[in-house]
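Structural overview for review
Read off the chains here:
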Amino acid sequence: GDTLGNAWLKKHGFFPYIPESNVFFVPHSVVGSKNTVATRLGIRAYMDDQQKILRELLSVPHRFLFDPHDAETVQAPFQKIKTWQEFPATVRQLL
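Residues numbered from 1 in each chain as written. Predicted model: local features only at pLDDT ≥ 70, side-chain atom pairs only at ≥ 80, totals over all residues. Heavy atoms only, no water.

Our focus in this paragraph is unusual backbone geometry. Cis geometry marks the peptide bond from Ala76 to Pro77, where omega comes out at 10°. By the secondary structure assignment, Pro77 is in the loop between β2 (62-66) and β3 (78-81). Although it is not a glycine, Asp70 sits at a positive phi angle of roughly 50°. Looking at the element boundaries, Asp70 is found in the loop between β2 and β3. (Helix = DSSP H or I, 4+ residues; strand = E, 2+ residues; numbered from the N terminus.)

Here's what the structure looks like:
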């Protein structure tokens, strides 16, 4: 895993809502690497704070932009998520 990423998520209260075992860190320096891992893991829902990453995840049917400050306009097929708590509840309704 990513030590700094996990520490940041813990500090910001992410893990009570998503199990730590369900979080994967994949370098995005190689275009498509996240999609390759998502395909291998059978990921059906994915949240990121960058739309450019979500655009690469063609194999993931449900892609969410984490935007707690409501700073970006989101276009289909993405859906905006504003809080950590919102994500698991939204995903449960879809899957």
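Where burial is concerned, the two faces of strand β1 (residues 45-48) agree: the one with Ala45 and Met47 and the one with Tyr46 and Asp48 are both buried. Relative to β2, β1 runs parallel, the two being bridged by 4 bridges. Bridge assignment links Tyr46 to a residue of β2, and that residue is Arg63. (Buried < 20%, exposed > 50% of the residue type's maximum accessible area, 1.4 Å probe, protein only. Pairing = 2+ DSSP bridges.)

In this structure, the largest pocket encloses a volume near 1100 Å³. Phe14, Val23, Phe24, Tyr46 and Met47 are, among the 35 residues lining the largest pocket, the residues nearest its centre. Where the lining of the largest pocket is concerned, the elements lending two or more residues are α1 (3-11), α2 (33-41), β1 and α4 (86-94). Partitioning the lining of the largest pocket into residue classes produces 25 nonpolar, 4 polar and 6 charged. (1 Å grid on protein atoms, 1.4 Å probe; cavity = no way out; pocket = protein on both sides within 12 Å on 5 of 7 lines; lining within 4 Å. Points joined across faces, edges and corners; volume = space filled by probe spheres on them. Nonpolar A, V, L, I, M, F, W, Y, C, P; charged D, E, K, R; others polar.)

Within the secondary structure, Asp48 sits in strand β1. Along the primary structure Asp48 and Val91 are separated by 43 residues, whereas in three dimensions their C-alpha atoms are 14 Å apart. Among the polar contacts listed, one links the side chain of Asp48 to the backbone nitrogen of Gln50, at a separation of 3.0 Å. (Polar contact = N/O pair within 3.5 Å; in protein donor to acceptor, adjacent residues only side chain to side chain.)

Another point: the environment of Gly5. Residue placement: Gly5 occurs in helix α1. Owing to a relative accessible area of 14%, Gly5 belongs among the buried residues under this scheme. For the pair formed by Gly5 and Lys52, sequence separation is 47 residues and the distance between their alpha carbons is 19 Å.

Tallying each qualifying case throughout the model produces 5 aromatic pairs. Judged by centre distance (6.1 Å) and plane angle (80°), the ring pair of Trp8 and Trp84 falls under edge-to-face. Here the residue Trp8 occupies a position in helix α1, and Trp84 occupies one in the loop between β3 and α4, the gap between them amounting to 76 residues. Exposure remark for Trp8: the relative accessible area of 41% places this residue in the partly exposed category. Overall, the relative accessible area of 12% leaves Trp84 in the buried class. Here the aromatic rings of Phe66 and Trp84 are separated by 4.2 Å at their centres, their planes lie at 5°, and the arrangement is stacked. With Phe66 in strand β2 and Trp84 in the loop between β3 and α4, this residue pair connects regions lying 18 residues apart in the sequence. (Phe/Tyr/Trp six-rings, centres within 6.5 Å; stacked < 30°, edge-to-face > 60°.)

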